[in-house]
Number of protein chains: 2
Amino acid sequence: MIVNEKLDALRKLMNEKNIQAYIVMTDDFHSSEYVGSYFKVREYLSGFTGSAGTLVVLKNEAALWTDGRYFIQAEEQLKGGSIDLMKSGQPDVPDIIEYLYNKLNDGDTIGFDGRTVSNAFASKLIEALRDKSITLSYQVDLADELWTDRPPLSREPVWELDVKYTGLSRKEKLKSIREKMAETGADILLLTALDEIAWILNLRGNDIACTPVFLAYMIIEKSSATLCVHKEILNDEIIHQLENDGISLADYNDFYSLISEADNDKIVQLDGSTANYCVIKSIPESTKIIDSQSPVVMMKAIKTPAEMNNIRAAHIKDGVAVTRFIYWLKHNTGTENITELSAAEKLEQFRAENDSYLGPSFEPIIAYGAHGAIVHYEPTEETNVKIEPKGLCLTDTGGHYLEGTTDITRTIALGRLTDEEKTAFTLVLKGHLNLAAAKFKYGICGENLDYLARYPLWSHGLDYNHSTGHGVGCLLSVHEGPQRIHWNVNSNQNHYVLEEGMIISNEPGYYLENHFGIRHENLVLVRKGKKNSYGQFMYLENLTMVPFDRDAIDPSLLNSAELGWLNEYHKKVFDTISPYLNGDELEWLKKTTEKIV
Amino acid sequence: MIVNEKLDALRKLMNEKNIQAYIVMTDDFHSSEYVGSYFKVREYLSGFTGSAGTLVVLKNEAALWTDGRYFIQAEEQLKGGSIDLMKSGQPDVPDIIEYLYNKLNDGDTIGFDGRTVSNAFASKLIEALRDKSITLSYQVDLADELWTDRPPLSREPVWELDVKYTGLSRKEKLKSIREKMAETGADILLLTALDEIAWILNLRGNDIACTPVFLAYMIIEKSSATLCVHKEILNDEIIHQLENDGISLADYNDFYSLISEADNDKIVQLDGSTANYCVIKSIPESTKIIDSQSPVVMMKAIKTPAEMNNIRAAHIKDGVAVTRFIYWLKHNTGTENITELSAAEKLEQFRAENDSYLGPSFEPIIAYGAHGAIVHYEPTEETNVKIEPKGLCLTDTGGHYLEGTTDITRTIALGRLTDEEKTAFTLVLKGHLNLAAAKFKYGICGENLDYLARYPLWSHGLDYNHSTGHGVGCLLSVHEGPQRIHWNVNSNQNHYVLEEGMIISNEPGYYLENHFGIRHENLVLVRKGKKNSYGQFMYLENLTMVPFDRDAIDPSLLNSAELGWLNEYHKKVFDTISPYLNGDELEWLKKTTEKIV
């Protein structure tokens, strides 16, 4: 079926169910960052493949909202169809709620699958449309009837992550969570975020691209716990161990009926930032709900000593693979036919030489030349270009290892660079080095440190339009909260102190549209330094062990402190990964990490 | 009367009025930072002269709360009396409300002058004592009966500050305020902060030490305005002009009865952070109150172009005076008998040579040697010491000029310094220079920049226990909000973007108890730099024009960027103030601002 036929079929169903507007979000049931193919209804209906977008279908028209990253792609992919493109945030573009308010009549019904909609969005919708007496029909998944070859919900097997990697057993984790529940006074804790469930249970799966989690919900009470999951994904050994740890099983789809049976006098805690609208609606109305950040968020963010040790090991393995890749790319571009996609494959091969490597932690970004300036660029068969022996190639990739998750960006010089490229490369590096060298007192948040990474660019009237740092999970999501590095103290209500054991990325960048992009990304571990009468001092330990490309550095732009930090880092890289390299690769590493004066 | 006799007399009055606990705050009726002598009831009753403290008198005991700055002084001054010292914030020390809860019986009455108590405190008191059925008697000023030689409320004459200094007429200011009232939907705006009223009216007075304001309240409605003031402090010309601008007069004491007559259907706006408890209680209960930041706060913080120009002129005058003072101190210490107090007098003389000088903007801090380590030290006859030709002298002083208000700290080397003193002096200077050189994008708050000032100390495991920067008024309070520079994003709910025209201090320090103190303070003006597709860039313009003492600088600790900034600043200081110096003073300025290599 082409898009217009699909919309006609959808409208027929809408008509049968007396629905005047049908909303299709991009989320799965768990507010996951990436979603499985079962959930790609918006893509199926509209043809637009971007990672963010919402489709609204009315009787005689349809519109799709997406953000600045995807304006060009969406225009292309919607061309010839009957869906209007709504460029979110542009002047005179209504948001979804305004659009619905203007288009709907009193008494109309809006339909959507409430499991894919956040409570925040549904509440805003109800509030805004109050005077139109609109009904929300939030339990309809019209796509399911329509999409005959819809992929099934993923049911990949679950496996156990040994406690030597996690540092804490699931029993210990459950105990800590129950202590937190006692503090908030909750009788029942509902968990819907997949990485939180995987973290607690020390289990991993493969139901989401690039994220080793499995589809599940969890209900934790004071003396019992229930895991709602497709049972066939668990083996007998795991089932047995879960039982031993006091965790009983229920079917994945039974979660909603289970919570609808909660005792009226029990207090239910959930995290409204990840729980979907149907979760909220399933809880009996008279039940008291505590909507607060899941206790797992902070526990998961602060790595255990075992995780800290393991992640260092993962970064050595990853550092060897990425360093070999850089050597290979720099020495074969121009003689071999290398494209963005083939380069990504080559890097995957280097990583896969490690026994403990499990796969990429996100779709690799190998962005050559002007592609580097597109911040969310991912090479596809359509966009793939040959990598030439000139200019810059931005490579932002990461891997999952049993020991943890990596995320690294190196921008690689291939042949001759312009002065502008070298200057920009070095300014971004200055910011990176200054942030990496931060020494601060306990209590500091990422908001206090962002200036360090941006100052060299700001002082030249330049900037980059993304955060400087995000948290990273351990064999979980490569983007994980709650800590972040961004200056905007007014955009978020909560500001998170950098705690020892948090992992955060340090990734300033610079993007010159149609020309080139630069980003330098290491992961760092927040560490305690000395403690004295002034307080507890803290520093950042570099985890990533890969050289920065000296061919692109203009040393005259680095002050003595910055040169010192760079040389110290390169010496550390050499000392750490040289034992794993041989021959030409080793020789090159030696040269490329030599002291710059 | 000695303290115990005063307390007995107070208890007699308490008994007559059936009051079981009487609270004496340190505030005036306007939440002013400094208070007039009429308001020094706590000092009168307890003998404790510190600037912060609360006295609670019960039938058989009494206690005084003060903070860490005053523990030693309060112990000394309370010695021999019957008042217990309560060291606020120390372990096992109850706060005032806990103390009252423990000491009072069901049905007791707490008395205080509600005009000196914040609404926040009274609300907490009510909440905490709810289950004891305590009555608040908030309109009793027992001191007035008791304190027979109480100084009268100050009634110093008011004078007009020409629009050439303010840049905006009071009519223009009233118009802007009424526009803000329309935005919040307020019919009546109550103003109780003295600097806000002085700012709006372009009037100044002399009712508060070091702050050229006058006792007043103000009621602004859509088409009328009332100034509540002791009428005798206004001359005919000013009365006439106020009438012309639509401002009628009422007596200072009539404010409370006027607001109690507000129409029920009018919406009253006030600023709960400065309005006292009696203000809140005087408004009819059925009246809708908007409690939000006064619109004057932000208007006053963002200086007009005229104010910006004038303040530069004030800083040149002040810079000449302080530079001459530094020359004098460095060249006469050891030969003349100079003490902290006589040095302060000398500096006052230098400032007073300017026709437009009006007086100090706060009590001068001339803190020699170990006194420098006491952050809130002010020399008195009791503490005054001779200044010797060795070590460091911290001087934190400021002046009011018709053109604006200054606040400057210089730490002056007198003879030989230890390596520790030089190192600390230079580390603090590094922080000062890094903050002064900040280049940032519009949207940045002080919280984002504090790291710059602290990093050199933090990286040595040192710190200072105060904010790095506060706003400064124009011929108003030397401490003015809402902007500030401090890293703690979690201590305040609101974070204020640095707007062009804001003045803020840059004053990192270091204090080694019993040895020495260092602080380097300039005032800076927030300025717009270039604007491009990345946004509006901003920078800080140094207002203060006084050299840093090169005798205390260890240049080996400054990197090339910092040396460059220091030399650039010293060149600017020389170019700006040398035209106003002659002879030896000029020669010395030339030498002391010479390029350091």
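From a predicted model like this one, the values you see are computed outputs, not experimental measurements.

S.K.: Residue-level account of unusual backbone geometry, with values.
M.R.: Look at the link from Gly481(A) to Pro482(A): it is a cis peptide, with omega at 0°. Tracing the sequence through the fold places Pro482(A) in strand 23 (residues 480-485). The residue Asn514(A) is not glycine, and still its phi comes out positive at about 70°. Relative to the helices and strands, Asn514(A) resides in the loop between strand 25 (509-512) and strand 26 (516-519). Asn514(A) gets classed as exposed once you look at its relative accessible area, which sits at 62%. In this structure, Leu475(B) takes a positive phi of about 55° despite not being glycine. Tracing the backbone through its elements, the reader meets Leu475(B) in the loop between strand 22 (469-471) and strand 23 (480-485). Judged by relative accessible area, which is 1%, Leu475(B) ranks as buried.

S.K.: Go over the sheet that holds strand 17 (residues 392-397) of chain B with me, naming the residues and quoting the values.
M.R.: Residues and elements named next belong to chain B. With antiparallel pairing, 3 strands are arranged side by side in an open sheet as 16-17-20. The open sheet has two edge strands, strand 16 (365-368) and strand 20 (408-413), and neither has a second partner. Within this sheet the neighbouring strands show an average axis-to-axis angle of 10°, counted without direction. Pairing of strand 17 with strand 20, which is carried by 6 bridges, proceeds in the antiparallel orientation. Paired with Thr395 across the strands is Arg410, a residue of strand 20.

S.K.: Give a detailed account of the sheet that holds strand 18 (residues 399-401) of chain B, specifying residues and quantitative values.
M.R.: Residue and element names in this part refer to chain B. Strand order across the open sheet formed by 3 strands is 15-18-19, with antiparallel pairing between neighbours. Bordering the open sheet on either side are strand 15 (357-360) and strand 19 (404-405), each of which pairs with just one other strand. Sheet topology note: the strand 15/strand 18 ladder contains 3 bridges and is antiparallel. Bridging from a neighbouring strand, Pro360 pairs with Gly399 of strand 18. On top of the sheet, helix 15 (residues 340-352) reaches strand 15 and strand 18; it is set at about 160° to strand 15, its chief contact.

S.K.: Give me the lowdown on the confidence of the model for chain A, citing residues and values where you can.
M.R.: Across chain A, pLDDT averages 95, with 100% of residues at or above 70. Overall fold confidence (pTM) sits at 0.92, and the ipTM for the predicted complex is 0.90.

S.K.: Please provide a residue-by-residue account of the interface of chain A and chain B, values included.
M.R.: If you look at the interface, chain A gives 35 residues, while chain B gives 35 residues. Surface buried jointly by chain A and chain B totals about 2900 Å² across both partners, of which 59% is contributed by carbon and sulfur atoms. A salt bridge links Asp463(A) to Lys441(B), with the shortest nitrogen-to-oxygen separation between them at 2.6 Å. Counting the contacts that link chain A with chain B gives 14 residue pairs in polar contact (both at pLDDT 80 or more). For the side of chain A that touches chain B, the secondary structure elements donating two or more residues are strand 21 (439-441), helix 17 (446-458), strand 25, strand 27 (522-532) and helix 18 (560-577) of chain A. Split by residue class, the side of chain A that touches chain B holds 20 nonpolar, 10 polar and 5 charged.

S.K.: Just give me the short version of the packing of helix 4 (residues 96-103) of chain A against helix 5 (residues 119-128) of chain A, but keep the residues and values in it.
M.R.: Residues and elements named next belong to chain A. Closest axis-to-axis distance for the helix 4/helix 5 pair is 10 Å, and the angle between their directions is 35°. In this structure, helix 4 meets helix 5 at a crossing whose hand is right-handed. Packed against helix 4, whose contacting residues are Ile96, Ile97, Leu100 and Tyr101, the element helix 5 presents Phe121, Lys124, Leu125 and Ala128 at the interface.

S.K.: Explain the pattern of salt bridges to me, and be specific about the residues and the numbers.
M.R.: All names here are of chain B. Using the criterion set out here, one finds 72 salt bridges over all chains in the structure. Here Arg11 and Asp8 are joined by a salt bridge, their closest N and O atoms 3.8 Å apart. Note that Arg11 and Asp8 are positioned in helix 1 (residues 3-16) at a spacing of 3 residues, about one turn of the helix. Put simply, Lys303 and Glu480 hold a salt bridge, and the shortest N to O gap is 2.8 Å. Placement of the pair is Lys303 in the loop between helix 13 (295-301) and helix 14 (305-332) and Glu480 in strand 23, with a sequence separation of 177 residues.

Thresholds applied
- Residues numbered from 1 in each chain as written.
- Chains lettered and ligands numbered in written order.
- Predicted model: local features only at pLDDT ≥ 70, side-chain atom pairs only at ≥ 80, totals over all residues.
- Heavy atoms only, no water.
- Helix = DSSP H or I, 4+ residues; strand = E, 2+ residues; numbered from the N terminus.
- Buried < 20%, exposed > 50% of the residue type's maximum accessible area, 1.4 Å probe, protein only.
- Pairing = 2+ DSSP bridges.
- Axes fitted to C-alpha atoms, helices over the stretch in contact; angles between N-to-C directions.
- Contact = heavy atoms within 4.5 Å.
- pLDDT = per-residue confidence, 0-100.
- Buried area = accessible area lost by both parts, 1.4 Å probe.
- Salt bridge = Lys/Arg side-chain N within 4 Å of Asp/Glu carboxyl O.
- Polar contact = N/O pair within 3.5 Å; in protein donor to acceptor, adjacent residues only side chain to side chain.
- Nonpolar A, V, L, I, M, F, W, Y, C, P; charged D, E, K, R; others polar.
- Left-handed = near helix turned anticlockwise from the far one by under 90°.

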